Amino acid sequence: MNVGANPARPCAAGTCPENPFTPMYNVRLANGTYGTLIHGGRTARQAEARAGSTPFSLTGYTFEPTLVGGPVSEFGAHPADLGTPTGTPNFNVGGADTAVTFGTTLTSLLNTKQTFARADYEFGENLTGFLQGSFSDSDTRYVTVGAGTQFQSFQIYSDNAFLPVGVRQRMQQEGLASFVASRVEADQHPKEVLTNNRAATVLGGLNGRWSDMQWTTNFSYGRSKLRTRHFGNFHQPRWFAALDAVDAGEFSGGAANGNIVCRTDLTNPGLFPGCKPWNPFGNGSPSAESYAYFQDEPSRYQVENRTSGLAASLSGPLFDVPAGPVNFALGGEYRRQKLIQQSNVDPSTPIELYEPGLVEDGATNPANLNGIPEGLRTAANPFNLLWNSTNVGNSFGKQNIAEGFAELAVPILTDKPFAQELELNGAFRYTDYSVTGGMRAWKVGARWSPVEQIRFRGTWSQDIRAPTLYELFQGVGSTRGTFTDIHTGRNTNLITLNRGNPDLKPEIARTITAGAIWQPTFFPGFSASIDFYKIRIEDQITRPNTTLINQLCEDSGGTGPTCELIVRPLPFDDRSAENFPLSIATVPFNQAFSEMDGIDYEINYDMLLGPGKLALRLLGNYTREFTQASSPGAIPLILAGAAAGVPKHQITPSIDFSTDRLSVGVDVRYISELFYTLQPNVFVTNNRLSSVAYLNANLTYDIVDGESPVTLYLSGANLLDKLVFAPQNNAQPTEFYPSFQSQYDVIGRYFTAGVRFQF
């Protein structure tokens, strides 16, 4: 993976030439170990407040497995070998005690069942009707992470029954009630997500003719429901209770009797029934039943979308002019949309820690605390959600949409010198959204053929994209994962809050296109086309990720709009580790804009060859410019040629040969060089990613032809097994595949075979 090259860290990784992102091998997590890593100590008052730190002589020690015969060594812990530091905090190279998270699923396991039916009926010469329906049911299964990470999210007390005696004595000697710890759960079952998505649609309508006019009416209804279960998340109230393991005899003031129980069973009987003490000291020490107590119940949510609509249109010739008929189209549509999301958690509210005087979601008055940690005292921080990772909140929203449109095509000249054809056309659409208001879209265009062999075309348009119901009404959800804060240089767990924005407005895009098609009569079967496009989107809806939010705020010196999404405990000018964000919110907003221009081109040549037909084709795109900015005053992101954007050049030549029964095809997909970044304020040592070409092939054969054919097919992708190795910047080791999945093939050489039939 790519990490900062300079362990002196003169700046955050990648933000200055002295500490550029540089690929390094065997990068591992250094802020947590498989056996539990000790961080700073806490006095009783600090432990009760879930804040603060006191020096501890065993900081940096890691625990050894607690076996039946006792610890591996006499002390039960040793100074952790955390490898060699890099220019990125807590990402070190090597080390006997450093950790990785064992990866994630590259492609999900998918099982899909689909059905489709359609019926058509001719009521008369000028009236037909149709009705169709579809249903799909798909299940997916994938691993989000192979081992969970708990970085400085829990604290261990000196009376913990599993704690090695030597560590307990050292805590007592130094006057510490607890120490904050981190752990990577190599002994945990991988975290898995299971989803079920069912969708049904019904569409029906009538089509008719009236004189020279054509009319249509139709109705539609669709409903989908996505159910998600995330296994392996820690149910945090139960986890905190299981972490607080005490000896029942010692707790009662007597001698230790070996009866290890959850402390809450003694202080709050019945609050956490069935609690199983969890031993965090050493890899493999926790029992399966203790894990099952707080992670077998999944976090779950379901999302239901419903839509229904009615539409009608009328089209045909309006009147004649010397160059031909003036054609028109009129129509209208009414739609209703609804979003319902239900969950077993409320991410907007932290869990109760049962600590008298402690405020979980705000500032605590120290005078309200008595200096005795109580309740779920193993929580290291006041603000904790029900699940340690995925917390998806409830959402509800609906809107009605009414729209009407008109289109007109007017022939100006035909069969004239230098005007084989000249046509002007235009369209207008008004859409009224019950949530965001009315918007107008329009287009004007022209087609001109000076001679039969060539045709020019062009359009100028205003287009709109309304925010989705999820963008508008998404309830508060949260995720938790490691994050490198460039402001403080600290790398630890971050709570990311995701929510919708009901104040969003539709995006507005202005587009200009101009192109030509050439079909020479002296070269039958040949055609070529080229089209220029230029697009500018204003008020673009975007949801920046936490890294971008952090970078944009840093670039603005703490004054930019994204700074409002970052909640820090201290003022912005404080760069100490204590000012690591409490949370970062990712919210869609309209302040972004983007510009793109480029050229699409295509060349085709078809010819007869022996018993069949040979087709040669070349598709290509050149993107000259693609920039985005989060707000009018922000530094634009240069995305043409950047790995996070689009390649400058994409070219796909192909050759196909087909007969009545046989079809064979080969194509090559070429992607030009890309760069990790083209930003002047981001620095990467090996910034350039070489161009790549993927070879693909396909073969089909009709073993039965006619009206009910049976076809065998075989296709192969990435036949040369090309891999573009592109380590990610500051990504959690082994969790992210070392390539850009949006740009490159990540599976390698693979084949697909099957049979298709119709009846």
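Placed above this text is the structure.
Residues numbered from 1 in each chain as written. Predicted model: local features only at pLDDT ≥ 70, side-chain atom pairs only at ≥ 80, totals over all residues. Heavy atoms only, no water.

Novice: Summarise the pattern of salt bridges; cite the residues concerned and give the values.
Specialist: According to the stated counting rule, one finds 31 salt bridges in the structure shown. For D244, the salt bridge identified is with R377, shortest N-O distance 2.7 Å. Remark: R377 occurs in the loop between strand 20 (324-343) and strand 21 (395-416) and D244 occurs in the loop between helix 3 (236-243) and strand 17 (245-247); sequence separation between them is 133 residues. Overall, D244 belongs to the buried group, its relative accessible area being 2%. Among the ionic pairs, R661 bridges to D705, the shortest N-O distance being 3.4 Å. (Salt bridge = Lys/Arg side-chain N within 4 Å of Asp/Glu carboxyl O. Helix = DSSP H or I, 4+ residues; strand = E, 2+ residues; numbered from the N terminus. Buried < 20%, exposed > 50% of the residue type's maximum accessible area, 1.4 Å probe, protein only.)

Novice: Describe the packing of aromatic side chains, naming the residues involved and giving the relevant values.
Specialist: Here the structure, examined in full by the defined rule, presents 26 aromatic pairs. Pairing F63 with F281 gives two aromatic rings, centres 4.6 Å apart and planes at 50°, and the pair type is tilted. One end of the pair, F63, is in strand 5 (residues 61-63); the other, F281, is in the loop between helix 5 (263-267) and helix 6 (288-295), and 218 residues separate them in sequence. Measuring from ring centre to ring centre gives 5.2 Å for W239 and F240, while their planes differ by 35°; the resulting arrangement is tilted. Residue W239 shares its accessibility class with F240, and that shared class is buried. One aromatic cluster is present, built from ring pairs that chain together F154, F234, W239, F240, W278, Y291 and F294. Here R377 stacks its cationic end above the ring of Y157, 4.0 Å away from the centre of that ring. Taking NZ or CZ as reference, R490 lies 5.5 Å from the ring centre of F580, over its face. (Phe/Tyr/Trp six-rings, centres within 6.5 Å; stacked < 30°, edge-to-face > 60°. Lys NZ or Arg CZ within 6 Å of the ring centre and 35° of its normal.)

Novice: Requested: an account of the state of the cysteines, with residues and values cited.
Specialist: For the structure shown, the criterion picks out three disulfides. The disulfide partner of C262 is C275, and the S-S distance across this bridge is 2.1 Å. The sign of the S-S torsion, about -85°, decides the handedness of the disulfide formed by C262 and C275: left-handed. A residue pair is termed long-range when its members are at least 10 positions apart, and C262 in strand 18 (residues 260-262) and C275 in the loop between helix 5 and helix 6 qualify at 13 residues. By the burial criterion, C262 is buried, and C275 matches it. Assigning the bonded cysteines of the chain consecutive numbers by sequence position, one obtains the connectivity 1-2, 3-4, 5-6. (Disulfide = S-S within 2.5 Å.)

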